[in-house]
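# Structure assessment
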Amino acid sequence: MHWFFALPGIFLLGSLFALAAPSACSAQPPSLTLWYDRPATDAMTEALPIGNGRMGGLLFGGLDDDRIVLNEDSLWTGDANPSGDYDTMGAYQRFGTLRILLPGHQAATAYRRDLDIGDALAHVRYTFHGVSYHREYFVSHPDQALVVHLTADKPGAYTGSILLEDAHSGQVTATQNSLTIAGALSNGMQYEGQVRVLSDGGVTQAGQGKVDFRGCNSLTLLVVLGTSYVMDPARSYSGENPHARVARQLQQAAHKSYQALFQAHVRDYRSLFDRVSLELGTTPEDRRALPSDKRKALAADGGDPEIEALLFQYGRYLLISSSRPGALPANLQGLWNDSNDPPWHSDYHANINIEMNYWPAEVANLSECALPFLDLVESQRPAWRAATASAPEYRLDSGKPVRGFALRTSHNITGGMGWQWDKTANAWYCRHFWEHYAFTDDRAFLRKTAYPLLKETCAFWEDHLKTLPDGRLVVPQGWSPEHGPVEDGVSYNQQIVWDLFQNTVAASEVLGVDADYRARIRALRDRLVAPKIGRWGQLQEWMEDVDDPQDHHRHTSHLFAVYPGDQISIATSPALAEAARVSLRARGDTGDVREWSFAWRTALYARLHAGNDAHRQIEHLLMDRNTCPNFFGLHPPMQIDGNFGITAGIAEMLLQSHEGEINLLPALPDAWPSGSVRGLVARGNFTVGMTWNQHALQTASITSNKGGLCLLKNPQFAHPGTVTITSQDQRVQRTARADTIRLSTQAGHTYLIEVNAPITPR
Ligand code: FUC
């Protein structure tokens, strides 16, 4: 039996074409393809990214000299640096470059390069001397190899060379049809990269640092990279030389046919990507005909809902490609880096950036892609503890160090940190552990992993909070990133500690443990200086009412409590929510607002149920000054957090579950009058699909993955007798609020809800 007959029906239909004809045009609808009519000229802004979570490639698609910048996520300089000196923290490195030289091909015509994010395949196509040439590129997770397949419609068309260049001072060796680079960084980290050139027809021959080929019908290039890094503090993050592992992985991949590699890759990728689909409307044909960079520029002025849906899915594509279990988390540039001295070291920034990278993971149905971040935090804790224990800032009156750990604004992968302390980053990181539980309902994870971390972080705050004369508690000497004074009781810090205490109380309740401890943490939570409304109706950023209504800073740190936190919400604290809206509007959409700031503003406006304001942020992000031609975020320079953040923000416009109920379409903008979404996830582990028309919910499908009570909210439910539920033994159960219905769900059951209500014009 051919393998794909064993697959579920939905996957099967979508897959047949792609799997049967890997070299033909893509089967994906245009909304899942980025395409261009010329090769890339600049690495980070135009080259197309591919990756398997650990290894990445930036594809230039050149004609006679096709360059692929190679990355491996653990290739880092630096080490643990107790002083916290940013310059000695090290930086994420470029690994090398693979070059495909095809002399003469610069005279080609009918050029096209593209990236299909529906199946994680990139292509280059062109015509030269009457021959149609085609290249296909992907990075396989199951086979741990970057693969390039070059074909042509006439035999013997390929003559040229393959070069492998090291980005440091490693040795390059060529033997028969293989190339190897191997070396070590100044911190002792060893690395190795191997390339195998497999040809059909013609001849291949090793040259000086290259493999030449002549008269080949097709070529398959396999690339495997590795380093000696291990995410294990007990081994000082240093494992064995990668040679044997790289050689084995390459050998295993080389034993498979191209078809087998291709099929395993597409099946693996789609098992994640296909969980969510999104349609926000149809774009007129004349726009669709444009290359993606030109189309993106126009989309900044609206009128291209397909590009907005693509932007949402691109964040999912990039997360799957840069953050898979067992690998390191996505850094400031995700996985892709063309420099040994990248901006901000291409590191992990704790005061918004890495958190934003992981905002979409749970809601956009990629929960396992969150694990690399959680694993990294676990692996760095011993080093962070040690650095905290030796810091004068973190001493008790007795002179002893506080319990737990804090971290600085940026960190690496070997316990090193840089720049100033970001005191509440420890608690913000805890939120990600709590959210992983909240979305998966995985109690074993909560008990074994999340709760101990939350408790350790609470211990830090029990020791470090300062008591004001009136008995209230403040975070001493904090900072609202990245402006204003360093002082006590900064709102950003207060809200994040509140969030930690709140989630710790909830965790101990879920687990049914530590009742006395829970009461203590709850009491501390209630003594924290709380959010305040200031003189111009704003939510105060500092303890004193000093906010400047003309402050257009890119950070919206004092609105943490609205998103990603939930201390302030329309339902539970409407006056504070209104104050947050005043602050957000004053902060504006221009001035210092950058890339990731638009993504945060999208999510904030979504939580404030201001769909049109949220949508305006998406359009801002699409502007050429905020996103690159390849759709990477542009700070400038290129930075990836906005890509992930906008996926989360768009999800938040469609589905919210932070108020103990599932709010369907809470912030739908006028620009998306009809559409559909499938596969978003709500807290409690419900998978949600919806269709809407004329701005009104038409159907919802709720799959209960773990069972339990499910409250669903939408204004359309307020029409009595017009909601039907199709499923085992369910009838509409109304709640005290007209717009909310209740389902008592069983694990594994799907509930289809149809709204037959008249549509109320908006
Ligand atoms: C934070 C932000 C900057 C930038 C940097 C990498 O410090 O304030 O805008 O994103 O991280």
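Conventions we followed
- Residues numbered from 1 in each chain as written.
- Predicted model: local features only at pLDDT ≥ 70, side-chain atom pairs only at ≥ 80, totals over all residues.
- Heavy atoms only, no water.
- Axes fitted to C-alpha atoms, helices over the stretch in contact; angles between N-to-C directions.
- Helix = DSSP H or I, 4+ residues; strand = E, 2+ residues; numbered from the N terminus.
- Parallel < 35°, antiparallel > 145°, perpendicular 65-115°, else oblique.
- Left-handed = near helix turned anticlockwise from the far one by under 90°.
- Contact = heavy atoms within 4.5 Å.
- Nonpolar A, V, L, I, M, F, W, Y, C, P; charged D, E, K, R; others polar.
- Salt bridge = Lys/Arg side-chain N within 4 Å of Asp/Glu carboxyl O.
- Buried < 20%, exposed > 50% of the residue type's maximum accessible area, 1.4 Å probe, protein only.
- Pairing = 2+ DSSP bridges.
- Phe/Tyr/Trp six-rings, centres within 6.5 Å; stacked < 30°, edge-to-face > 60°.
- Domains from an automatic or database assignment.
- Polar contact = N/O pair within 3.5 Å; in protein donor to acceptor, adjacent residues only side chain to side chain.
- 1 Å grid on protein atoms, 1.4 Å probe; cavity = no way out; pocket = protein on both sides within 12 Å on 5 of 7 lines; lining within 4 Å.
- Points joined across faces, edges and corners; volume = space filled by probe spheres on them.

## A look at the packing of helix α15 (residues 595–607) against helix α17 (residues 641–654)
Running from N to C, α15 and α17 point in directions that differ by 15°, and their axes come no closer than 8 Å. What the angle tells us is that α15 and α17 run roughly parallel. Along this stretch, α15 crosses α17, giving a crossing that reads as left-handed. Of α17, the residues touching α15 (which contributes E595, W596, A599, T602, A603, A606 and R607) are D641, G642, N643, G645, I646, G649, I650, E652 and M653. Of the residues assigned to the contact of α15 with α17, the class counts are seven nonpolar, five polar and four charged.

## A look at the pattern of salt bridges
Under the definition given, this model contains 47 salt bridges. D488 serves as the salt-bridge partner of K466, at 2.5 Å between the closest nitrogen and oxygen. Of this pair, K466 sits in strand β21 (residues 466–467) while D488 sits in the loop between β24 (483–487) and α12 (491–511), placing them 22 residues apart in sequence. Residue classification places D488 among the buried residues on the basis of a relative accessible area of 14%.

## Let's talk about the packing of helix α16 (residues 611–622) against α17
Where α16 meets α17, the closest approach of the two axes is 11 Å, and the angle between their N-to-C directions is 155°. Here α17 runs roughly antiparallel to α16, going by the angle between their axes. The two elements α16 and α17 cross, and the hand of that crossing is left-handed. Residues G611, A614, H615, I618 and L621 of α16 pack against G642, I646, I650 and M653 of α17. Tallied by class, residues from the contact of α16 with α17 come to six nonpolar, three polar and no charged.

## Observations regarding the sheet that holds strand β4 (residues 65–72)
Pairing within the open sheet is antiparallel, and its seven strands lie in the order β2-β3-β4-β5-β10-β15-β14. Pairing within the sheet leaves two strands with one partner each, and these edge strands are β2 (48–51) and β14 (203–207). Strand-to-strand twist of the sheet, defined as the mean angle between neighbouring strand axes without regard to direction, takes the value 20°. Sheet topology note: the β4/strand β5 (residues 96–101) ladder contains six bridges and is antiparallel. From the neighbouring strand, R67 faces β5, where its bridge partner is R99.

## Remarks on the packing of aromatic side chains
Applying the stated criterion to the full structure yields 31 aromatic pairs. With 6.5 Å between their ring centres and 35° between their planes, W76 and Y92 make a pair best called tilted. In this pair, W76 sits in the loop between β4 and β5 while Y92 sits in the loop between β4 and β5, placing the two residues 16 residues apart along the sequence. Judged by its relative accessible area of 1%, W76 falls in the buried class. Y92 sits in the buried class, given a relative accessible area of 0%.

## Examining the environment of G642
Tracing the chain through its elements places G642 in helix α17. The exposure class assigned to G642 is buried, which follows from its relative accessible area of 1%. Taking the C-alpha atoms as reference, G642 lies 23 Å from I568; in sequence the two are 74 residues apart. Apart from residues lying up to four places away in sequence, G642 is in contact with M356, E595, W596, A599 and L621.

## Let's talk about the domain arrangement of the protein chain
In many reports, interface size means the accessible area that the parts give up when they come together. Partitioning the protein chain into structural domains gives domain 1 (1–27 + 673–762), domain 2 (31–277) and domain 3 (298–659). Each of domain 2 and domain 3 was reduced to a C-alpha centroid, and the two centroids are 34 Å apart. One can count two salt bridges joining domain 2 with domain 3. Between R324 and D268 there is a salt bridge, and its shortest N-O distance comes to 2.9 Å. Inspection of the domain 2/domain 3 interface yields 34 residue pairs in polar contact (both at pLDDT 80 or more). Looking at the side of domain 2 that touches domain 3, the elements that each hand over two or more residues are β1 (33–36), α2 (43–46), β2, β3 (55–59), β4 and α4 (258–273). Residues that form the side of domain 2 that touches domain 3 fall into these classes: 30 nonpolar, 19 polar and nine charged.

## Section: the sheet that holds strand β19 (residues 408–411)
Strand order in the open sheet formed by three strands is β18-β19-β20, and the pairing between neighbours is antiparallel. The open sheet terminates on both sides in strands that have one partner only, identified here as β18 (348–349) and β20 (417–421). Contacts between helix α9 (residues 371–389) and the sheet are confined to β18, β19 and β20, with β20 contributing the most and set at about 60° to the helix.

## Comments concerning empty space enclosed by the protein
Applying the stated criterion across every chain, the model contains six cavities of 30 Å³ or more. The space that makes up the largest cavity amounts to roughly 220 Å³. If you go around the largest cavity, you meet 17 residues; those closest to its centre are Y358, W359, E362, E435 and F439. Elements with a contribution of two residues or more to the lining of the largest cavity: α8 (353–363), α9 and α10 (425–440). Ranked by residues supplied to the lining of the largest cavity, first place goes to α8 with five residues. Classifying every residue of the lining of the largest cavity gives 10 nonpolar, one polar and six charged. In this model, the second largest cavity occupies a volume close to 110 Å³. If you go around the second largest cavity, you meet 13 residues; those closest to its centre are S491, Q494, V529, A530 and P531.

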